[in-house]
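As a plain string of letters, each chain reads:
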Amino acid sequence: MEVLEPSRVVERAARDCLGIRVVTPFRGMLGKRDELLDELIAWLDDRTIDDAGPFFLRLHVIDMSGPMDLEVGVVTPAPLRGDARVRAGTLPTGRYATLTYRNHSLRANRALLDWAAAEGLVLDRHESAAGDVFGCRYEAYRTDPRTEPRKTKWAVELGIRLAD
């Protein structure tokens, strides 16, 4: 893992977005992400929406031994209308623990979680029967996947909203 920006806390304003939300098993989750990313890019192209970005993977509910509730989306410059499949939404305002890296998502996530714990930061999350529910946890792709298909080259910003 290459750390591009070390762990830190940042304040984020709400960001408009469009996304496709699904529930899928943890195993195969990244293949589903790629499939949904291709679908979302085609949807944007069909509507000639070209000033959107960055793309992201948002993890709403995490159960690494069961289903994952996730969303593949894109930040938009203003609220845009979606449809039955691609829905409008927001990434919520708040303070976020962040880390920007290249390559090795699992290591980067572990590093951010360990740092947050060592700093005594409380994440906006709670446990449920479905798994760990997050107020907002995402991986934003600072590298545009339309111009760089090699995922190991992507600059990725992890963000986990902190509890108030």
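Residues numbered from 1 in each chain as written. Predicted model: local features only at pLDDT ≥ 70, side-chain atom pairs only at ≥ 80, totals over all residues. Heavy atoms only, no water.

We now examine helix α2 (residues 105-118). The terminal C-alpha atoms of α2 lie 20 Å apart, and with 14 residues this matches the ideal 20 Å at 1.5 Å per residue to within 8%. Looking at α2, one finds that the buried residues are A108, N109, L112 and A116. Angularly, the buried residues of α2 cover 100 degrees about the axis, an arc narrow enough to put them on a single face. Exposed side of α2, more than 90 degrees from the buried face: L106, R107, A117 and A118 are the residues found there. For α2, the secondary structure elements touched by its buried residues are β1 (2-12), β6 (94-102), β9 (137-141) and β10 (155-161). Trailing α2 by a residue or two, G120 shows a phi angle of about 75 degrees, which is positive. (Helix = DSSP H or I, 4+ residues; strand = E, 2+ residues; numbered from the N terminus. Expected span 1.5 Å × (residues − 1). Buried < 20%, exposed > 50% of the residue type's maximum accessible area, 1.4 Å probe, protein only. Arc of directions from axis to C-beta. Contact = heavy atoms within 4.5 Å.)

For helix α1 (residues 29-46), which comprises 18 residues, the first-to-last C-alpha distance of 26 Å matches the rise-based estimate of 26 Å (1.5 Å per residue) to within 8%. When we look at burial in α1, the residues that qualify are M29, R33, L36, L37, L40, I41, W43 and L44. Looking straight down α1, one finds that the buried residues subtend no more than 155 degrees of arc, so they occupy a single side. Exposed and facing more than 90 degrees away from the buried side of α1 are D38 and D46. Just downstream of α1, T48 is the residue with a positive phi angle, here 50 degrees.

Its place among the elements puts G19 in strand β2 (residues 15-25). On the accessibility criterion, G19 (3% relative accessible area) is buried. As a C-alpha pair, G19 and R87 span 68 residues in sequence and 5.4 Å in three-dimensional space.

Right, let's get into a negative patch on the surface. Taken together, D45, D46, D50 and D51 make up a surface patch of like negative charges. When its relative accessible area of 51% is taken as the criterion, D51 is described as exposed. (Patch = residues over 30% accessible without salt bridge, like charges linked within 9 Å, V, L, I, M, F, W, Y side chains within 5 Å. Areas by Shrake-Rupley, 256 points an atom, 1.4 Å probe, with all protein chains shown as cover. Salt bridge = Lys/Arg side-chain N within 4 Å of Asp/Glu carboxyl O. Lys, Arg positive; Asp, Glu negative; His and termini not counted. Charge placed at Lys NZ, Arg CZ, Asp CG, Glu CD.)

Quick look at the layout of surface pockets now. Sizing a probe to match a water molecule and rolling it over the atoms shows the empty space that remains. Its volume calculated, the largest pocket comes out at about 420 Å³. Surrounding the largest pocket, 17 residues form its lining, F26, M64, L106, N109 and R137 being those nearest its centre. Within the residue set of the lining of the largest pocket, elements represented by two or more residues are α1, β3 (55-62), α2, β8 (131-134) and β9. If you tally residues by element for the lining of the largest pocket, the top one is α2, at 5 residues. Partitioned by chemical class, the residues of the lining of the largest pocket number 11 nonpolar, 2 polar and 4 charged. Empty space within the second largest pocket amounts to approximately 170 Å³. In this structure, the second largest pocket is lined by L30, R33, Y101, N103, H104, S105, E139, Y141, K151, T152, W154 and V156. (1 Å grid on protein atoms, 1.4 Å probe; cavity = no way out; pocket = protein on both sides within 12 Å on 5 of 7 lines; lining within 4 Å. Points joined across faces, edges and corners; volume = space filled by probe spheres on them. Nonpolar A, V, L, I, M, F, W, Y, C, P; charged D, E, K, R; others polar.)

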